[in-house]
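# A look at the structure
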Amino acid sequence: MSDPAAVLDDLRSESDELDRLVGELDDEGWSRATPAPGWTIAHQIAHLAWTDTAALLAVTDPGAFSAEVEKAVAAPDSFVDEGAEAGAALPPAALLAHWRDGRERLQQALMEAPSGVKFPWYGPPMSATSMATARLMETWAHGQDIADALGAVREPTARLRHVAYIGVRARNFAYQVHGLTPPAEPFRVELTGPGGELWTYGPEDSEQRVTGPALDFCLLVTQRAHRDDLAVRAEGADADRWLDIAQAFAGPAGAGRAPKGDR
């Protein structure tokens, strides 16, 4: 994960796939509700565009970005929704152009970023590679909301390994954001990738284990599906608790999705 070029290539592919989903939508399509309460497809794309703009500022002007962090601290429960609301108010063509331009400028800035430099963020500072990985995770997750709204089925790809990686790395943060002490013992995570390959994380002899399809794990840690509807399994009480609170994104714990049986 140290070379940003490979991650940036995958980020571009993920963004292009989502662009194909929304690029030809009419106004009615842009206003279609998604599984995120109160968010239309326009809100989803506006959020991605807003976050790309914030990331670009963090990379190119860290001092100015600190003012954005102060805004977030002052309104932790509303600043994300406010950013999405402002972008969703744009005409669809303008919003689409804004998202395309912003992600391209961020892509270039991350490619040109000096090696070893970390940039400020709403959570811990991030390298160019980490920033690109986080942008891919968000693009995939919000793309899932859009696909669900459109009734589209996306074919899982090996790009999911970036989402899974963040989900595993964010284990301790998930505990902390719930006011819990993270377990001292590392977990073993074994995921089956889209091509049948095995992705593994953590010591092989750990008693706390998580197994299942990579797609299901990614849906879980991005809170795009309820645990009850996924084939992710835990061995050990700590691992089982983690699956109830896992999140791959920064910020407060989300409400997640209700089980399909409750909808």
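What comes next concerns the included structure. (Residues numbered from 1 in each chain as written. Predicted model: local features only at pLDDT ≥ 70, side-chain atom pairs only at ≥ 80, totals over all residues. Heavy atoms only, no water.)

### Quick look at the packing of helix 3 (residues 41–60) against helix 5 (residues 79–88)
Here helix 3 crosses helix 5 at 110°, and the two axes come no closer than 7 Å. When the interaxial angle is binned, helix 3 and helix 5 end up roughly perpendicular. Judged by the twist between their axes, the crossing of helix 3 over helix 5 is right-handed. Residues Ala 42, His 43, Ala 46, His 47 and Trp 50 of helix 3 form the contact with helix 5, whose participating residues are Phe 79, Val 80, Gly 83, Ala 84, Glu 85, Gly 87 and Ala 88. Each residue belonging to the contact of helix 3 with helix 5 can be placed in one class, and the counts come to seven nonpolar, four polar and one charged. (Axes fitted to C-alpha atoms, helices over the stretch in contact; angles between N-to-C directions. Helix = DSSP H or I, 4+ residues; strand = E, 2+ residues; numbered from the N terminus. Parallel < 35°, antiparallel > 145°, perpendicular 65-115°, else oblique. Left-handed = near helix turned anticlockwise from the far one by under 90°. Contact = heavy atoms within 4.5 Å. Nonpolar A, V, L, I, M, F, W, Y, C, P; charged D, E, K, R; others polar.)

### A few points about the pairing of strand 3 (residues 188–192)
Counted residue by residue, strand 3 has four buried out of five residues, so it is predominantly covered. The pairing of strand 3 with strand 5 (residues 209–213) spans five bridges and is classified as parallel. Opposite Arg 188, over in strand 5, you have Arg 209 as the bridge partner. Both strand 3 and strand 4 (residues 198–201) contribute to a ladder of four bridges, which runs antiparallel. By the bridge assignment for strand 4, Leu 191 is matched with Trp 199. Hairpin connection between strand 3 and strand 4: a loop of five residues separates the two successive antiparallel strands, and Gly 196 in this loop has a positive phi of roughly 90°. (Buried < 20%, exposed > 50% of the residue type's maximum accessible area, 1.4 Å probe, protein only. Pairing = 2+ DSSP bridges.)

### Looking at the nonpolar core
By size, the foremost hydrophobic cluster in this structure holds 53 residues, and its most contacted members are Leu 110, Trp 121, Met 131, Leu 191, Val 210, Phe 217 and Trp 242. The leading source of residues in this core is helix 7 (residues 128–150), at eight residues. Not counting chain neighbours up to four residues away, the residues in contact with Phe 217 comprise Ala 164, Gly 167, Val 168, Leu 191, Val 210, Val 232 and Trp 242. Membership of the second largest hydrophobic core comes to 15 residues, among which are Ile 41, Ala 42, Ala 46 and Ala 88. (Core = buried A, V, L, I, M, F, W, Y, C linked by side-chain atoms within 4.5 Å.)

### As for the pattern of salt bridges
Scanning the entire structure with this criterion turns up 18 salt bridges. Measuring nitrogen to oxygen at the nearest pair gives 3.1 Å for the salt bridge that ties Arg 188 to Glu 190. Where Arg 209 meets Glu 190, a salt bridge forms, and the shortest distance between an N and an O atom there is 2.8 Å. Here Glu 190 lies in strand 3 and Arg 209 lies in strand 5, a separation of 19 residues in the sequence. Shared partners join several salt bridges into a network, and the residues in it are Glu 14, Glu 17, Arg 154 and Arg 159. (Salt bridge = Lys/Arg side-chain N within 4 Å of Asp/Glu carboxyl O.)

### Focus: the side chain of Gln 208
Checked against the element boundaries, Gln 208 lands in the loop between strand 4 and strand 5. In this structure the side chain of Gln 208 is engaged in a polar contact, spanning 3.1 Å, whose partner is the backbone nitrogen of Asp 238. (Polar contact = N/O pair within 3.5 Å; in protein donor to acceptor, adjacent residues only side chain to side chain.)

### Points about the side chain of Asp 52
Relative to the elements of secondary structure, Asp 52 occurs in helix 3. Here Asp 52 falls in the buried class, since its relative accessible area comes to 6%. Setting aside residues no more than four positions away along its own chain, Asp 52 makes contact with Trp 99, Gly 102, Arg 103, Leu 106 and Arg 135.

### Comments concerning the sheet that holds strand 4
If you trace the four strands from one edge of the open sheet to the other, you get 4-3-5-6, paired in mixed fashion. Whereas interior strands pair on both sides, the edge strands pair on one side only; in this sheet they are strand 4 and strand 6 (233–235). Geometrically, the sheet is characterised by an average inter-axis angle of 15° between neighbouring strands, direction not taken into account. Judged from the three bridges that link them, strand 5 and strand 6 form a sheet pairing that is antiparallel. Looking at the pairing, Thr 211 lines up with Arg 233 of strand 6. Against the sheet, helix 10 (residues 214–221) touches strand 3, strand 4 and strand 5, its axis set at about 115° to strand 5.

### A short note on the packing of aromatic side chains
Scanning the entire structure with this criterion turns up eight aromatic pairs. The structure contains a cluster of three or more aromatic residues connected by ring pairs, namely Trp 50, Phe 65, Phe 79, Trp 121 and Tyr 122. Note that Arg 103 overlies the ring of Trp 99, its terminal NZ or CZ placed 4.2 Å from the centroid. In this structure, Arg 171 packs its charged tip against the face of Phe 187, placed 4.3 Å from the ring centre. (Phe/Tyr/Trp six-rings, centres within 6.5 Å; stacked < 30°, edge-to-face > 60°. Lys NZ or Arg CZ within 6 Å of the ring centre and 35° of its normal.)

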